[in-house]
Amino acid sequence: MTSYPMTRLRRTRATAWSRAMHREVLVTPADLIWPLFVTEGEGVEDPISSLPGVSRWSVDGIVARAREAVALGIPCLALFPNTQPDRRSEDGREALNPDNLMCRAIRAIKDACGNDIGVLTDVALDPYTSHGQDGLIDGEGYVLNDRTVEVLVGQSLNQAAAGADIIAPSDMMDGRIGAIREALEDAGHVNVQIMSYAAKYASAFYGPFRDAVGSRGLLKGDKKTYQMDPGNAEEALREVEMDLAEGADSVMVKPGLPYLDIACRVKQAFGVPVFAYQVSGEYAMIEAAVAAGAADRDAMVLETLVAFKRAGCSGVLTYHAAHAARLMGA
Ligand code: PBG
């Protein structure tokens, strides 16, 4: 039995060296995945007003960020394109163009950095559709599952051919992981991983992201017929179970902090690599608190990141990745 005063839990907290020695979980730059937004042009840095401190970069700038990430010890980038309006269409066919912005960015990073860094690519049609939904829609605007999966398979093969290391489907269609895995195997991309956005919620925290990829103004309605209901946890375990059975190498929970219970339960139930996406609205909340003088950015960023590790995550997608890596002494 441990009881006071023989046991005083404050003893080990009394000095910095002792706190360091007893810390259960550490977060390092290797735990970070850095999401980046790509835009057309040359030498372009286009700040995103709803994500203060985050910009869209033209491909040359993306390559510079990739080199920066390598220097900081960040192992992986997550790319999202801001597709020009004239390249968007009802069916999002630009996603299949081997020379689309995404593919050009992948190739440029791989040419510059090779296997010094991983490139994770988003699979979903919202950056390419004129209606901002993640898939093909019918006359009522309902997102069609099976027809969308066919396009997502093509999109995945297109990204893998350009050199993507991790295919990350964020669309929440049923059955897409199996279809994509099979197509990757058939095409010989046996070592291209799939990180499934397995438990992705229909969240109010995605607003700034939609600004960043240019889909916010286009989106009519919501994504509740495919993304999960925020009240559900058991269903998240079923989503994860299915994606793993279909061949996902790792799974993601998204958003991050409001869904830490889900990340923790997924880790405990399956023991697989779990990643969390600290999404745009979470980043914006921290920055707004800092701007209001209500919080210390550095402390807040590090505390949120260690929370993900404590919950059992293998890593975190965060817009604070480069800043956090610097804080960690990289
Ligand atoms: C869409 C996608 C979204 C995000 C990543 N991929 C937004 C959405 O589902 O509408 C959100 C990421 C963020 O908010 O940072 N396929």
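Residues numbered from 1 in each chain as written. Predicted model: local features only at pLDDT ≥ 70, side-chain atom pairs only at ≥ 80, totals over all residues. Heavy atoms only, no water.

- Per an unreviewed UniProt entry, the protein chain goes by Delta-aminolevulinic acid dehydratase and derives from Novosphingobium aromaticivorans.
- Taken from UniProt, the Subunit (unreviewed entry) comment for the protein chain reads in full: "Homooctamer."
- In its Sequence similarities (unreviewed entry) section, UniProt records this for the protein chain: "Belongs to the ALAD family." (UniProt positions renumbered as here; feature names shortened; annotations may be inferred.)

1. With respect to a positive patch on the surface
Here is step 1 of the chain: A surface patch of like charges, here positive, comprises R8, R10, R11 and R13.
Here is step 2 of the chain: Taking the relative accessible area as the measure of exposure, R8 reaches 42% and is therefore partly exposed. (Patch = residues over 30% accessible without salt bridge, like charges linked within 9 Å, V, L, I, M, F, W, Y side chains within 5 Å. Areas by Shrake-Rupley, 256 points an atom, 1.4 Å probe, with all protein chains shown as cover. Salt bridge = Lys/Arg side-chain N within 4 Å of Asp/Glu carboxyl O. Lys, Arg positive; Asp, Glu negative; His and termini not counted. Charge placed at Lys NZ, Arg CZ, Asp CG, Glu CD. Buried < 20%, exposed > 50% of the residue type's maximum accessible area, 1.4 Å probe, protein only.)

2. Details of the UniProt feature "active site" (unreviewed entry) in the protein chain
Here is step 1 of the chain: Under the UniProt annotation, the feature "active site" (unreviewed entry) is placed at K200 and K254. Separation in sequence by 55 residues is not matched in space for these annotated residues, since their most distant C-alpha atoms are only 4.9 Å apart.
Here is step 2 of the chain: You can see K200 is positioned in strand 7 (residues 193–200).
Here is step 3 of the chain: Taking relative accessible area as the criterion, K200 reaches 4% and is therefore assigned buried.
Here is step 4 of the chain: Those residues in contact with K200 that sit more than four places away from it in its chain are D134, S170, M172, Y206, Q227, M228 and K254.
Here is step 5 of the chain: Among the secondary structure elements, K254 is positioned in strand 8 (residues 250–254). (Helix = DSSP H or I, 4+ residues; strand = E, 2+ residues; numbered from the N terminus. Contact = heavy atoms within 4.5 Å.)

3. Describing the site of the ligand
Here is step 1 of the chain: In the vicinity of the ligand there are 17 residues, among which R210, K223, K254, S280 and Y319 approach most closely.
Here is step 2 of the chain: Here an oxygen atom of the ligand and a side-chain polar atom of K223 are 2.7 Å apart.
Here is step 3 of the chain: Q227 places a side-chain nitrogen or oxygen 2.8 Å from an oxygen atom of the ligand.
Here is step 4 of the chain: For the ligand, whose unbound accessible area comes to 400 Å², protein coverage reaches 100%.
Here is step 5 of the chain: Looking at the shell around the ligand residue by residue, the class counts come to seven nonpolar, three polar and seven charged. (Near = heavy atom within 4 Å. Polar contact = N/O pair within 3.5 Å; in protein donor to acceptor, adjacent residues only side chain to side chain. Nonpolar A, V, L, I, M, F, W, Y, C, P; charged D, E, K, R; others polar.)

4. Let's talk about the UniProt feature "binding site: Mg(2+)" (unreviewed entry) in the protein chain
Here is step 1 of the chain: Mapped onto the present numbering, the UniProt feature "binding site: Mg(2+)" (unreviewed entry) falls on E239.
Here is step 2 of the chain: The exposure class of E239 is buried, given its relative accessible area of 14%.
Here is step 3 of the chain: Not counting residues up to four positions away in its chain, the partners in contact with E239 are M172, A198 and M228.

5. Quick notes on helix 9 (residues 280–291)
Here is step 1 of the chain: Relative to the 16 Å expected for 12 residues at 1.5 Å per residue, helix 9 spans 16 Å between its end C-alpha atoms, a close match to the ideal helical length.
Here is step 2 of the chain: Judged by how many residues are buried, helix 9 sits mostly within the fold: nine of 12 residues are covered.
Here is step 3 of the chain: Taken together, the buried positions of helix 9 are S280, G281, E282, Y283, A284, I286, E287, A289 and V290.
Here is step 4 of the chain: Structurally, helix 9 contributes buried residues whose contacts are with helix 6 (207–213), strand 9 (274–278) and helix 10 (297–311).
Here is step 5 of the chain: Of the residues one or two after helix 9, G293 is the one with positive phi, at around 75 degrees. (Expected span 1.5 Å × (residues − 1).)

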